[in-house]
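The primary structure of each chain is shown beneath.
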Amino acid sequence: MINYHDECLLETDDNFLSYIKDFLEEKDLKEKIRKLSRAEGYLRYIFFELMGYNIKDWRGGDLRTLVCGLSYLIVQSVKLCYETRDANQETACGISRDVLDIMFLLMKRWRYDEDLYRLGSKLWTELDYEDLGDEREVENLSLEVSRSILSLLR
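Residues numbered from 1 in each chain as written. Predicted model: local features only at pLDDT ≥ 70, side-chain atom pairs only at ≥ 80, totals over all residues. Heavy atoms only, no water.

A. Local environment of the packing of helix H4 (residues 61–83) against helix H5 (residues 86–109). Running from N to C, H4 and H5 cross one another at 150°; their axes reach a closest spacing of 9 Å. Taken together, the axis directions place H4 and H5 in an arrangement best described as roughly antiparallel. Remark: the crossing between H4 and H5 carries left-handed chirality. Counting all contacts with H4, which are made through Leu63, Leu66, Val67, Leu70, Leu73, Ile74, Ser77, Val78, Leu80 and Cys81, the residues of H5 involved are Gln89, Ala92, Cys93, Ile95, Ser96, Val99, Leu100, Ile102, Met103 and Leu106. Residues that form the contact of H4 with H5 fall into these classes: 17 nonpolar, 3 polar and no charged. (Axes fitted to C-alpha atoms, helices over the stretch in contact; angles between N-to-C directions. Helix = DSSP H or I, 4+ residues; strand = E, 2+ residues; numbered from the N terminus. Parallel < 35°, antiparallel > 145°, perpendicular 65-115°, else oblique. Left-handed = near helix turned anticlockwise from the far one by under 90°. Contact = heavy atoms within 4.5 Å. Nonpolar A, V, L, I, M, F, W, Y, C, P; charged D, E, K, R; others polar.)

Here it is as structure tokens:
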């Protein structure tokens, strides 16, 4: 059974899906981080493209790709943050924080949610690569953030 998270990802644009496909096919951790960073960069591009529009009630197209993509990338980047070490870990954790920063900016511009802000802030703090929080707790928190991001589309 496909859950809403997977269903949402399948409704993103083809460009973003190609970045995700490249990421999922990669075996080398350093390359996985690079490919995840490319997907994050694409979402950043979409975010800045949307800044010129009134997106208060718009639910399709690029906004859907942005929201679904943020939800997906936060979970994947947190997993990578714990799978890697040294400078690669700093980069992976940094991607997670970058994705959260985009989420905060989107909330400010489009739809604010107090619970998502609180969860996202806690996750951002836990992703300090020099003092990472407990892996299981942080991954569970990333799943909560992911679900909350998707709830913005409903």
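B. Spotlight on the state of the cysteines. A complete count under the given rule lists 2 disulfides for this structure. Note that Cys8 is cross-linked by a disulfide to Cys68, the S-S spacing being 1.5 Å. Disulfide Cys8 to Cys68: torsion about the S-S bond roughly -55°, handedness left-handed. Note that Cys8 is positioned in helix H1 (residues 4–10) and Cys68 in helix H4, a separation of 60 residues in sequence. Cys68 matches Cys8 in its accessibility class, with the two residues each being buried. Residue Cys81 pairs covalently with Cys93 via a disulfide, S to S 1.7 Å. Handedness of the Cys81-Cys93 disulfide follows from its S-S torsion of about 65°: it is right-handed. One end of the pair, Cys81, is in helix H4; the other, Cys93, is in helix H5, and 12 residues separate them in sequence. One exposure class covers both Cys81 and Cys93, and it is buried. (Disulfide = S-S within 2.5 Å. Buried < 20%, exposed > 50% of the residue type's maximum accessible area, 1.4 Å probe, protein only.)

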